[in-house]
Structure formats: structure tokens, C-alpha cells
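Structural description and commentary
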Amino acid sequence: MSTLRRVDWRFWTVILIKPDCLARDLLDPVLAMVEQHLRVLHVTKVYPTQAQIFTHYADMLPRSAELRRDVPAELTRIYVGRQAAVALGYGPDAARRLRALLGPTDPAAAGPDTIRGRYAADSLAKATAEGRLIDNLIHSSDTSDDAAADFATWFGPGNEHLLLTPTPILANGDPQ
Ligand SMILES: Nc1ncnc2c1ncn2[C@@H]1O[C@H](COP(=O)(O)OP(=O)(O)OP(=O)(O)O)[C@@H](O)[C@H]1O
């Protein structure tokens, strides 16, 4: 059995801190919000490659006509040559909990208790008027299954040992 097959992905989620977050010097406050809900491990600054970002956003690539934006060109502009960061979130029901904390894709529709609602400055309306994708600071895995795929894109292969770090959780289910 491989290391990855022993991982209980319900406890893990993969966090991508987008370049707009680093450019606005918001890495620390955004991760501080995440840490109120999950343990944050292995924060790593990266320069995404085009291959990584096209793998990560494979479902977005064919959507240029629908969104009336050149999606591959936008993803390249936003990510390639710009610094981002990746991290792992750990705790019960990690993917679902963090997605709820992020808020919706459009920060203008996000509540003040969400990361995008509190810190993102962009909106769908503004991005649409300018023919851009929305700057919304942070991605996290949509589901536990997506966490495994996101890990392969951003950390693997060869780093599966990061997922075996013993990380105790409290009896009430919260991360320590
Ligand atoms: N209608 C849109 N207009 C502009 N940008 C969009 C639109 N839909 C999605 N995007 C951009 O593409 C990204 C991926 O879209 P997706 O539908 O997966 O939303 P998300 O799950 O909220 O975001 P992410 O996957 O980055 O966490 C969004 O974060 C946003 O930057």
C-alpha cells in the first residue's frame, strides 16, 4: 500500500495563497484567520509553473467563451512569474470547513466573517468590466478528493511524508 493510500484526506486540505494576496502583504492575516479553524502546516512560497496552474485550473481552461475572458492567458498573467504560497490545512472536515471560511468566488458577495469578504478588494463586476479573472486571494480544495489531487499538483510526488506528521487533535475534534 502506498503512503498516499493510508492518508485520511477528510483531515487535510490544500491551500493556495494567490499572488494578489502576497502582493498586498496579506499572507499573515489570511493565514491567521485559517488558523482559527485548522492547523496550518508546511507553508511554502512558490513560483507556480504554467503546467501546475493549468493542471490546477483544468476545469477553467475551456471556459473562455462562456466567461468572455481569455482564461489561459489570464491564468498565465496572474500566476506565472509571480510569487504564491502553498500550505496544508489539518483538522476534522478540513476541506468543507475551509471552503466555508473562504466565502464565495465573488468577494462582493462574501460576508465579513469570510476571508474573501474581509480582505479581498476585487469584485465580479469590476473584473468583468476589465475582462479579468477575479482576484480573490486564496484557494482551498473543494472536497477531500480534490485535496489529494491538489496535493499532487503542489507538493508531490515525493513529499507524501508531509501528510504523516503526527498532529494530535483534541477530544472535542478541534485541532490542538
Ligand atoms: N465569472 C467569473 N469571472 C471572473 N473570474 C472568475 C469567474 N469565475 C471564476 N473566476 C476565477 O477563476 C477562479 C476559479 O473559479 P472557481 O469556479 O473554481 O471558483 P472558486 O472555487 O471560488 O475559486 P478557486 O478555485 O480559485 O478557489 C476563481 O477564483 C476566480 O479567480
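A quick note: this is a predicted structure, and the numbers were derived from the prediction, not measured. (Residues numbered from 1 in each chain as written. Predicted model: local features only at pLDDT ≥ 70, side-chain atom pairs only at ≥ 80, totals over all residues. Heavy atoms only, no water.)

1. Concerning the site of the ligand
Around the ligand, a shell composed of 14 residues is seen, among which Lys18, Tyr57, Thr105, Ile134 and His139 lie nearest. Contact distances for the ligand include 2.6 Å between an oxygen atom and a side-chain N or O atom of lysine 18. One of the side-chain nitrogen or oxygen atoms of arginine 116 is found 3.1 Å away from an oxygen atom of the ligand. Starting from 570 Å² of accessible surface for the ligand in isolation, the protein chains cover 84%. Here the ligand is seated within the largest pocket. Per-class residue counts for the shell around the ligand are 6 nonpolar, 3 polar and 5 charged. (Near = heavy atom within 4 Å. Polar contact = N/O pair within 3.5 Å; in protein donor to acceptor, adjacent residues only side chain to side chain. Areas by Shrake-Rupley, 256 points an atom, 1.4 Å probe, with all protein chains shown as cover. 1 Å grid on protein atoms, 1.4 Å probe; cavity = no way out; pocket = protein on both sides within 12 Å on 5 of 7 lines; lining within 4 Å. Sits in = over half its atoms within 2 Å of the grid points. Nonpolar A, V, L, I, M, F, W, Y, C, P; charged D, E, K, R; others polar.)

2. Side note on the UniProt feature "domain: Nucleoside diphosphate kinase-like" (unreviewed entry) in the chain
Within the UniProt annotation, "domain: Nucleoside diphosphate kinase-like" (unreviewed entry) is assigned to residues 13–162. Secondary structure content for residues 13–162 is 43% helix and 15% strand, and the end C-alpha separation is 13 Å. (UniProt positions renumbered as here; feature names shortened; annotations may be inferred. Helix = DSSP H or I, 4+ residues; strand = E, 2+ residues; numbered from the N terminus.)

3. So, the nonpolar core
Counting residues in each nonpolar core, the largest one holds 25 residues, and the members touching the most others are Trp12, Leu88 and Phe155. Of all the secondary-structure elements, those providing two or more residues to this core are β1 (12–17), β2 (39–46), α5 (71–79), β3 (84–90) and α9 (144–154). If sequence neighbours within four positions are ignored, leucine 88 has contacts with Trp12, Thr13, Val14, Ile15, Arg39, Val40, Leu41, His42, Phe151, Phe155, Leu162 and Leu163. Ile15, Met33, Val40 and Leu102 belong to the second largest nonpolar core, which has 22 residues in total. (Core = buried A, V, L, I, M, F, W, Y, C linked by side-chain atoms within 4.5 Å. Buried < 20%, exposed > 50% of the residue type's maximum accessible area, 1.4 Å probe, protein only. Contact = heavy atoms within 4.5 Å.)

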